[in-house]
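Now for the letters of each chain:
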Amino acid sequence: MPSQLRIYVPPHPLIKHWLGIARDKNTPSTLFKTAMVELGRWLTYEAIREWLPTIDVDIETPLTNSSATFIDPNTTIATIPILRAGLTLWEGCQTLLPLATTYHLGLVRNEETLEASCYLNKLPIKFKDDTRILILDPMLATGGSIMFAMNEIVKKGGNPDFIRIISVVAAPPALQKLSAHYPSLNIYTAMIDEQVNDSGYIVPGLGDAGDRSFGTN
């Protein structure tokens, strides 16, 4: 049976709450960033559910012996925030996965052609075959940036079967490209919006997540 892209929109009330704050144009920059951090935290929580390998061991409580389940310490976990705005999602993500290795990928979009180019690539020479990889990219709009990121990660040995993408808002153009090229991916997003305008922004979306997070224009 062929693989099929899976997109999850968790119904958690905190995800809905923080998305509403992020969408509001009157939300000040500091609160917008807080919303993005919280969305990164809760979407990561959903993304790693039943995904990380675990081991069962025997431990001793203050009263008696007991069995316990832990995340397998031999599991390699990598987080990849797409700069700049992905850093805000990463802040929330790393509170749940503090021991994960972080690799930065800086991408900028040409506002005329909407093509992505890379100004910082700190990916490893090669990922281990079974590395669990979380890509943190707030906006999946035209698909240019996330496709660039996926291509670079796969070239470095990243296995799409072990990659999950966390975004705040996703749109059909990006999802269609990912589905065509990487159908085994799992995507966790707070919302799927219906369209991308001629300037490459998701509508209704939440504007430029990087500028709003860091108070720039």
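As the structure is a prediction and not an experimental result, all values here were calculated from the model.

Rules used in this analysis
- Once a new chain begins, its residue numbering starts again from 1 and follows that chain's sequence as written.
- Given that this is a predicted model, residues contribute local features only at a pLDDT of at least 70 and side-chain atom pairs are listed and counted only at 80 or more, while totals for whole chains, interfaces and linings are drawn from all residues.
- The side-chain figures draw on all heavy atoms in the structure; neither hydrogens nor water molecules are used.
- Numbering of helices and strands runs from the N terminus, with a helix taken as a DSSP run of H or I at least four residues long and a strand as a DSSP run of E at least two residues long.
- Taken over C-alpha atoms, the radius of gyration is set against a globule rule of 2.2 Å times the number of residues to the power 0.38.
- Contacts are assigned to residue pairs with any non-hydrogen atoms lying within 4.5 Å of each other.
- Using a 1.4 Å probe, the Shrake-Rupley method yields the accessible areas, and only the shown protein chains count as cover for residues.
- Counted charges follow a simple rule, with Lys and Arg positive, Asp and Glu negative, and His plus the chain ends left uncounted.
- In this description, the location of a charge corresponds to atom NZ of lysine, CZ of arginine, CG of aspartate or CD of glutamate.
- Think of it in three bands: residues with accessible area under 20% of the maximum for their type are buried, residues over 50% are exposed, and the middle band is partly exposed, with areas taken using a 1.4 Å probe on protein chains only.
- Axes, fitted as lines to C-alpha atoms, cover a helix only where it is in contact. Angles between the N-to-C directions of the axes lie from 0 to 180 degrees.
- Orientation labels follow simple angle bins: below 35 degrees gives roughly parallel, above 145 gives roughly antiparallel, 65 to 115 gives roughly perpendicular, and whatever is left gives oblique.
- A crossing counts as left-handed when the near helix is turned anticlockwise from the far one by less than a right angle, and as right-handed when that turn is clockwise.
- The residue classification treats Ala, Val, Leu, Ile, Met, Phe, Trp, Tyr, Cys and Pro as nonpolar and Asp, Glu, Lys and Arg as charged. All others, Gly included, are polar.

**Comments concerning the overall build of the protein chain**
Across its full length, the protein chain holds six helices and 13 strands. Its C-alpha atoms give the protein chain a radius of gyration of 18 Å, within 12% of the compact-globule value 17 Å for 217 residues. With respect to the principal axes defined by its C-alpha atoms, the protein chain has extents near 65 × 40 × 35 Å. Excluding contacts between residues fewer than 6 apart, the proportion of contacts in the protein chain whose partners are at least 24 apart in sequence is 66%. When the accessible surface of the protein chain is split by element, carbon and sulfur atoms take 53% of a total near 11300 Å². One finds the centroid of the 18 positive side-chain charges in the protein chain at a distance of 3 Å from the centroid of its 22 negative side-chain charges.

**A few points about the environment of L96**
Mapped onto the elements, L96 comes out in helix α3 (residues 86-96). Overall, L96 belongs to the partly exposed group, its relative accessible area being 33%. Through-space distance from the C-alpha of L96 to that of W42 is 9.4 Å; in sequence the pair is 54 residues apart. The residues contacting L96, other than those within four sequence positions of it, are R41, T44 and Y45.

**Some points on the packing of helix α1 (residues 13-23) against helix α2 (residues 29-47)**
The contact between α1 and α2 brings their axes to 9 Å, and the two run at 150 degrees. Put simply, α1 runs roughly antiparallel to α2. By crossing handedness, the relation of α1 to α2 is classed as left-handed. Contact residues: L14, I15, W18, L19, I21 and A22 in α1; L31, F32, T34, A35, E38, L39, W42, L43 and E46 in α2. Of the residues in the contact of α1 with α2, the class split is twelve nonpolar, one polar and two charged.

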